[in-house]
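Each chain is listed here by its residues.
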Amino acid sequence: MADGINMRSVNRRSTSVVFTSDDENILVADKSGDVFKYSVTEPSSEGQLLMGHLSMLLDMKLTADDKYLVTCDRDEKIRVSHFPNAYNIYSYCLGHTDFVTHLAYIPGTEAIISASGDGTIRCWNLKGEALHCLSHGIQAKTEAEEPPLQQTKPSDCLAIIRCFAYNPHSGALAVTFDSSPVLQVYKVTNEEKTLCINLHDDHNLPCVPWDVQFGPDSSLWILLPLQEKPVALFTYLPEAGDADTFKIKELEVSSLSKEVLQIQKTLSEDWDFFKESLDVPCWTKALAKSRVDNTLDYLKRKEQQMKKKQQPKPSQSEGKLSEDSAKEPSAKVAKME
């Protein structure tokens, strides 16, 4: 084992991992909704349970001063807790109507950004107050052979956000989707103490990417499921005459550094390891809760009941005649005896 590296087991499958600002501890969120704290310097020590949600935790972030821990779950909730005493809840950010998959903390503003399966990207302050909300507008694509689903709300038609990366240096926010090859880049601005998110550019990728992250030099790295080109790099180019507006542009192979070319070569040579993930469905699809619409069945049963009530009932005289006719055969049998 190399120096400074240790391995340990966790209770359940992890969904998010963050380090504290001093790199002394690591926080691990799992699919059962719990958050554990593990010591980096004491690998033999057991994890300490900090908090728990009633549903699966999907992402978490620590504020820059390690004062608050922000978590989100499958039940549309965003929770802001004191750290390290996370049992002490500071606030809730409520407004999403579907699972919340991603969080980003904006240093210097005491604000967070969230992305949800309801098709919206929202800004909040740590007190739980909504600051901004927008819909990405990318439509979900289904296979041609799949029957059309009966939608219960407009957000069911929107693609689920798959990857979400924020660059605090430039204020850029990169977003990709699980059923669309579109890459969207937003600009997060804080003007006159008003936080806004505006779409600056979008780009059609060759396929749906696996992941997206910003590099140390603010370049945008895209991991693609393509053996011949597993990594693509993008940079920002300011619009002519407008320094606040930028366009994204993919870097040519000739302009890539030796390190990037070596990464591409290594991924291509080890493609047997990665190709097992090509046909694996995106993890976000399993988060959608089934919605059953019983309206048609209810109306059909109601119609049958109404028709049954409208059928004419037999009169009392008709009922008496039928009763007497039923008694006549038995009376004749008794007389013959």
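Here the structure is a predicted model, which means the values were calculated and not measured.

A. Examining the nonpolar core more closely. With 21 residues, the main nonpolar core has I113, I121, F164, L173, V175, V188 and I197 as its most contacted residues. Looking at this core, the elements with two or more residues in it are β9 (100–106), β10 (111–116), β11 (120–125), β13 (161–167), β14 (172–177), β15 (182–191) and β16 (194–204). If we skip the residues at most four places from it in the chain, V175 touches I121, I161, C163, F164, V182, L183, Q184 and Y186. If you look at the next biggest cluster of nonpolar residues, it comprises 18 residues, including A165, C207, V212 and L226.

B. Up close: the side chain of N125. Relative to the elements of secondary structure, N125 occurs in strand β11. Judged by relative accessible area, which is 14%, N125 ranks as buried. Among the polar contacts made by the side chain of N125, one reaches the side chain of E129 at a distance of 2.7 Å. When neighbours within four sequence positions are excluded, N125 is seen to be in contact with C93, E110, A111 and L131.

C. Representation of the sheet that holds strand β6 (residues 68–73) within the structure. As summarised here, the arrangement of the four strands in space is β5-β6-β7-β8, forming an open sheet in which the pairing is antiparallel. Sheet topology places β5 (57–62) and β8 (89–93) at the edges, where each strand pairs with a single neighbour. Taking each pair of neighbouring strands and ignoring which way they run, the sheet shows an average axis angle of 20°. Both strand β7 (residues 78–82) and β8 contribute to a ladder of four bridges, which runs antiparallel. Following the sheet pairing, V80 is matched in β8 by S91.

D. Region of the structure containing the sheet that holds β15. Spatially, four strands are ordered β13-β14-β15-β16 in an open sheet, and the strand pairing comes out antiparallel. One side of each edge strand has no neighbouring strand; the edge strands of this open sheet are β13 and β16. Each strand axis lies, on average, 20° off the axis of its neighbour in the sheet, ignoring direction. Of the pairings in the sheet, the one linking β13 to β14 comprises six bridges and is antiparallel in character.

E. Main features of the packing of aromatic side chains. In total, this model carries six aromatic pairs according to the counting rule given. Seen from their ring centres, Y68 and Y90 are 4.7 Å apart, and the 40° between their planes marks the pair as tilted. Residue Y68 is found in strand β6, and its partner Y90 is found in strand β8; the two are separated by 22 residues along the sequence. On the accessibility criterion, Y90 (33% relative accessible area) is partly exposed. In textbook terms, an aromatic cluster arises when at least three aromatic residues are bridged by ring pairs, as seen for W210, W271, F273 and F274.

F. Looking closely at the side chain of Q264. Mapped onto the secondary structure, Q264 falls in helix α1 (residues 258–269). The class of Q264 is buried, set by a relative accessible area of 15%. A polar side-chain atom of Q264 sits 2.5 Å from the main-chain carbonyl oxygen of V231. Setting aside residues up to four positions removed in sequence, Q264 forms contacts with P230, V231 and L256.

G. Summary view of the UniProt feature "repeat: WD" (unreviewed entry) in the chain. Listed under "repeat: WD" (unreviewed entry) in the UniProt record, and renumbered for this structure, are residues 93–127. Here residues 93–127 is 0% helix and 57% strand, with 8 Å between the C-alpha atoms at its ends.

H. Representation of the environment of P206 in the model. Secondary-structure assignment places P206 in the loop between β16 and β17 (211–214). Taking the relative accessible area as the measure of exposure, P206 reaches 59% and is therefore exposed. It is 9.0 Å that separates the C-alpha atoms of P206 and V182, two residues lying 24 residues apart in sequence. In this structure, P206 is in contact with L224 and L226, ignoring residues within four places of it in sequence.

I. Just the environment of V182, in detail. Note on placement: V182 falls in strand β15. For the pair V182 and L205, spaced 23 residues apart in sequence, the C-alpha to C-alpha distance is 6.0 Å.

J. Geometry of the pattern of salt bridges. Inspection of every chain in the model, using the stated rule, returns five salt bridges. We note a salt bridge from K77 to D73, for which the minimum N-O separation is 3.2 Å. Taking relative accessible area as the criterion, K77 reaches 25% and is therefore assigned partly exposed. Across the pair E303 and K307 runs a salt bridge, and its minimum N-O distance is 3.6 Å. With E303 and K307 both in helix α3 (residues 295–310) and four residues apart, the pair spans about one turn of that helix. We classify E303 as partly exposed; its relative accessible area is 43%.

Conventions used here
- Residues numbered from 1 in each chain as written.
- Predicted model: local features only at pLDDT ≥ 70, side-chain atom pairs only at ≥ 80, totals over all residues.
- Heavy atoms only, no water.
- Core = buried A, V, L, I, M, F, W, Y, C linked by side-chain atoms within 4.5 Å.
- Buried < 20%, exposed > 50% of the residue type's maximum accessible area, 1.4 Å probe, protein only.
- Helix = DSSP H or I, 4+ residues; strand = E, 2+ residues; numbered from the N terminus.
- Contact = heavy atoms within 4.5 Å.
- Polar contact = N/O pair within 3.5 Å; in protein donor to acceptor, adjacent residues only side chain to side chain.
- Pairing = 2+ DSSP bridges.
- Axes fitted to C-alpha atoms, helices over the stretch in contact; angles between N-to-C directions.
- Phe/Tyr/Trp six-rings, centres within 6.5 Å; stacked < 30°, edge-to-face > 60°.
- UniProt positions renumbered as here; feature names shortened; annotations may be inferred.
- Salt bridge = Lys/Arg side-chain N within 4 Å of Asp/Glu carboxyl O.

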